[in-house]
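An overview of the molecular structure
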Amino acid sequence: MKPLLEITDVCLSYHSLSGETPALSHISFQLMPGEFLAIVGPSGCGKSTLLNLICGLIRPEQGQILLDGTPVTSGDCRIGYMLQKDHLLEWRTIYKNVLLGLEIRKELTAEKLAYVDQLLSDYGLDKFRSAHPSELSGGMRQRAALIRTLALKPELLLLDEPFSALDYQTRLNVSDDIGRILRQEKKTAILVTHDIAEAISMADRVIILSPRPAIICKIVPIHFDLENRTPMDSRNAPDFKSYFNLIWRELNHDA
Amino acid sequence: MMPEASYHQQQYLRHQKREKKLVTFLRIFILLLFLVLWEISARTGLIDSFIFSSPGMIWHSFCSMCSDGSIFPHLSVTITETLVSFLFVVVLGTGMAVLLWTCPRLAKITEPYLVVLNSLPKSALAPLLIVWLGANERTIIVCGMSVAIFGSILNLYTGFGEADPEKLKLIETLGGGKKEKLMKIILPSSVPLLLSVMKVNIGLCLVGVIIGEFIGARKGLGYLIIYSSQTFKLTWVLMSIIILCIIAIILYGLLGLVEKRARR
């Protein structure tokens, strides 16, 4: 099977008047179709920068990023991006919000609209169509944000700490929820997080980044003997603790 | 039906209601007291009614100017000029702010000029405008605009810049460019700002129009004030000022209504 995403030897520095700070150094990894990858690392190590590179918002100074064999471009329609907050627009209804991406790409075709309808009814937002975001709970809002991204049928989903703005209980529920939806829709995804437990519970592989300038310390494949596991199942699996300790040790290696 | 409020809740509500009534009452009371004292002291000769006039005299001359119709041209000229200059300020101000937002380099270059023009006392420009553009209504409208335009450009541009960068990033990740950012995020999120800028502007336009009428007009309340002060008809001056107060209140109130509608 061919990898969906190939990242080879990517380097990037931040530039400011006071000087140059290396952010990412010689990052290489591959991602298979349908795989769920998590990236963990200390805060400020360049995790989000890596996502910005993958979706083409910034270009690497060295190395290349190929999606399906072709380089990514800015606002690449093959990639969906979920930000830290849901960023639903308060002045639009939920329906108008989930259509935002299609509107911008001028793809409001009958077929795409039917797909949105399908997603809305599958994930219980049908009756909130004409509601405004402020009327929804945090979890529901995050679902709406996910549907906004899924509506574009991206081949690859990037999740930038999408649960960090939620309180702990909602966070567990929502990550369980989103994790299940992504598996159901058979999406390939990269999750960036600083929460080790979240990474293990959702991902097939976890990449551990070092403090800045970030290099890949270790790639940990996660395997539980569970069929169709949900993030919540994983958290209860007996191996969970040992994965946690492994990654914990690796992250604190230099400290 | 709403459940019966508890005793303490009722007391709280009653207290709030009483407080509100009291404030309204005192507001009106102060006005009436002021008017009555003014009238009495003018009649008893405590103040010189030739200089200070009196509410009665003001009312009387207002009524006579209404009945012979001589007040209406002044009123309509001032109000039209204010509204037209306000309209231009809103359109041009928003347009310029959008232009500056789309072209950050232009914004950086022009910023010091805008700041200086904004802090300049605009009444200083009025004589110049009269000479350049002539003593006509167009000049007065430009005069009204000059007071409000620079401030609104700066305010709106700053407001545009305060849009959530993460929301703009969202548009980028969805494949949108500058135009989409402007149409989907910047403009819709700036509606409250635009309304509050408009509320300030309507007053400023009125100020500018009056300044313009002071020096280069044959009609309008500003002209009426200057004309009557030079002929020592101070009753007319005071009457014009009171009319201006009422116009300002009405214009501001109308925009308040628009704002309320937009909020819904």
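Here the structure is a predicted model, which means the values were calculated and not measured. (Residues numbered from 1 in each chain as written. Chains lettered and ligands numbered in written order. Predicted model: local features only at pLDDT ≥ 70, side-chain atom pairs only at ≥ 80, totals over all residues.)

Counting its regular elements, chain A contains 9 helices and 10 strands. Relative to a compact globule of 255 residues, whose C-alpha radius of gyration would be 18 Å, chain A shows 18 Å and is just as compact. Its C-alpha atoms give chain A principal-axis dimensions of about 50 × 45 × 40 Å. With 255 residues in all, chain A has 39% of them scored as buried. Look at the contacts in chain A between residues 6 or more apart in sequence, and 71% of them connect residues 24 or more apart. (Helix = DSSP H or I, 4+ residues; strand = E, 2+ residues; numbered from the N terminus. Rg over C-alpha atoms; globule rule 2.2 N^0.38 Å. Buried ≥ 20, exposed ≤ 12 C-beta atoms within 10 Å, placed from the backbone. Contact = placed C-beta atoms within 7 Å.)

Residues and elements named next belong to chain A. The pairing of strand β1 (residues 5–16) with strand β2 (residues 19–31) spans 9 bridges and is classified as antiparallel. Its bridge partner lying in β2, Ser-13 is registered against Pro-22. Hairpin connection between β1 and β2: a loop of 2 residues separates the two successive antiparallel strands. (Pairing = 2+ DSSP bridges.)

Turning our eyes to something else, we now look at the packing of helix α5 (residues 138–150) of chain A against helix α6 (residues 168–184) of chain A. All names here are of chain A. In contact at an axis separation of 10 Å, α5 and α6 are set at 30 degrees when each is read in the N-to-C sense. On the basis of their axis angle, the class for α5 and α6 is roughly parallel. Judged by the sense of rotation from one axis to the other, the crossing of α5 with α6 is right-handed. Two secondary-structure elements touch here, α5 through Gly-138, Gly-139, Gln-142, Arg-143 and Leu-146 and α6 through Thr-170, Asn-173, Val-174, Asp-177, Ile-178 and Ile-181. Partitioning the contact of α5 with α6 into residue classes produces 4 nonpolar, 5 polar and 2 charged. (Axes fitted to C-alpha atoms, helices over the stretch in contact; angles between N-to-C directions. Parallel < 35°, antiparallel > 145°, perpendicular 65-115°, else oblique. Left-handed = near helix turned anticlockwise from the far one by under 90°. Nonpolar A, V, L, I, M, F, W, Y, C, P; charged D, E, K, R; others polar.)

Here we come to the sheet that holds strand β10 (residues 216–221) of chain A. All names here are of chain A. One open sheet accounts for 6 strands, arranged β6-β7-β8-β3-β9-β10; its pairing is mixed. Each edge of the open sheet is held by one strand with a lone partner, namely β6 (79–82) and β10. Averaged over all pairs of adjacent strands, the angle between their axes in this sheet comes to 15 degrees, without regard to strand direction. Direction of pairing for β6 relative to strand β7 (residues 156–160): parallel, over a ladder of 4 bridges. When the sheet's bridge partners are listed, Gly-80 is paired in β7 with Leu-157. Sheet contacts for helix α1 (residues 47–54): β3 (36–40), β7, β8 (188–193) and β9 (205–209); angle to β8, the most-contacted strand, approximately 150 degrees.

This next bit is on the sheet that holds β2(A). Residue and element names in this part refer to chain A. Strand order in this open sheet of 4 strands is β2-β1-β4-β5, and the pairing throughout is antiparallel. Only two strands of the sheet have a single partner each, and these edge strands are β2 and β5 (70–71). Sheet strands touched by α1: β1, β2 and β4 (62–67). Its angle to β2, the strand with the most contacts, is close to 65 degrees.

All names here are of chain B. For helix α12 (residues 234–263), with 30 residues, the first-to-last C-alpha span of 43 Å sits near the 44 Å given by 1.5 Å per residue. Listed in full, the buried residues belonging to α12 are Thr-235, Trp-236, Val-237, Met-239 and Ser-240. Tucked into the core, α12 has its buried residues touching α3 (55–67) and α11 (221–230). (Expected span 1.5 Å × (residues − 1).)

Facing 13 residues of chain B, the contacting portion of chain A comprises 13 residues. Tallying contributions element by element places helix α8 (residues 165–173) of chain B first for the side of chain B that touches chain A, with 7 residues. Residue composition of the side of chain B that touches chain A, grouped by class: 4 nonpolar, 3 polar and 6 charged.

The next thing to look at is the pairing of β8(A). Residues and elements named next belong to chain A. In terms of burial, β8 is a largely internal element, 6 of the 6 residues being buried. Residues of β8 alternate between two faces, with Thr-188, Ile-190 and Val-192 on one and Ala-189, Leu-191 and Thr-193 on the opposite face, all of them buried. As defined by bridge partners, β3 adjoins β8 across 5 bridges and the pair is classed as parallel. What sits directly across from Ala-38, in β8, is Leu-191. Once you follow β7 into α6 and on to β8, the crossover reads as right-handed. (Right-handed = clockwise from strand over helix to strand, strands pointing away.)

Let us now look at unusual backbone geometry. All names here are of chain A. At the junction of Arg-212 and Pro-213, the peptide bond is cis and its omega measures out at -10 degrees in the coordinates. Among the secondary structure elements, Pro-213 is positioned in the loop between β9 and β10. For Lys-153, which is not a glycine, the phi torsion comes out positive at approximately 50 degrees. For Lys-153, the location among the structural elements is in the loop between α5 and β7. By the C-beta count within 10 Å, which is 14 here, Lys-153 ends up partly exposed.

What follows deals with α11(B). Listing the buried residues of α11(B) in full gives B:Leu221, B:Gly222, B:Tyr223, B:Leu224 and B:Ile225. Directly after α11(B), the chain includes B:Phe232, whose backbone phi takes a positive value near 55 degrees.

Residues and elements named next belong to chain B. For the pair α8 and helix α9 (residues 178–189), the least separation of the axes is 10 Å and the interaxial angle reads 130 degrees. In terms of orientation, α8 lies oblique with respect to α9. At the point where α8 passes α9, the crossing takes the right-handed sense. Within the contact between the two elements, α8 uses Lys-167, Leu-168 and Ile-171 and α9 uses Glu-180, Lys-181, Lys-184 and Ile-185. Per-class residue counts for the contact of α8 with α9 are 3 nonpolar, no polar and 4 charged.

With respect to the helices and strands, the residue A:Ser134 is situated in the loop between α4 (110–122) and α5. Put simply, A:Ser134 and A:Thr93 are 41 residues apart on the chain and 9.7 Å apart in space, counted from C-alpha to C-alpha.

The next thing to look at is the nonpolar core. Formed by 114 residues in total, the largest nonpolar core has its most connected members in A:Leu158, A:Ile190, A:Ala203 and A:Val206. Considering each element in turn, this core owes the most residues, 14 residues, to helix α7 (residues 137–161) of chain B. Excluding residues that lie within four positions of it along the chain, A:Val206 makes contacts with A:Ala38, A:Val40, A:Ala199, A:Ile200, A:Val220, A:Ile222 and A:Ile247. (Core = buried A, V, L, I, M, F, W, Y, C linked by C-beta atoms within 7 Å.)

To continue, consider the confidence of the model for chain B. When pLDDT is averaged along chain B, the result is 92; 98% of the residues meet or exceed 70. The ipTM for the predicted assembly is 0.86, set against a pTM of 0.84. (pLDDT = per-residue confidence, 0-100.)

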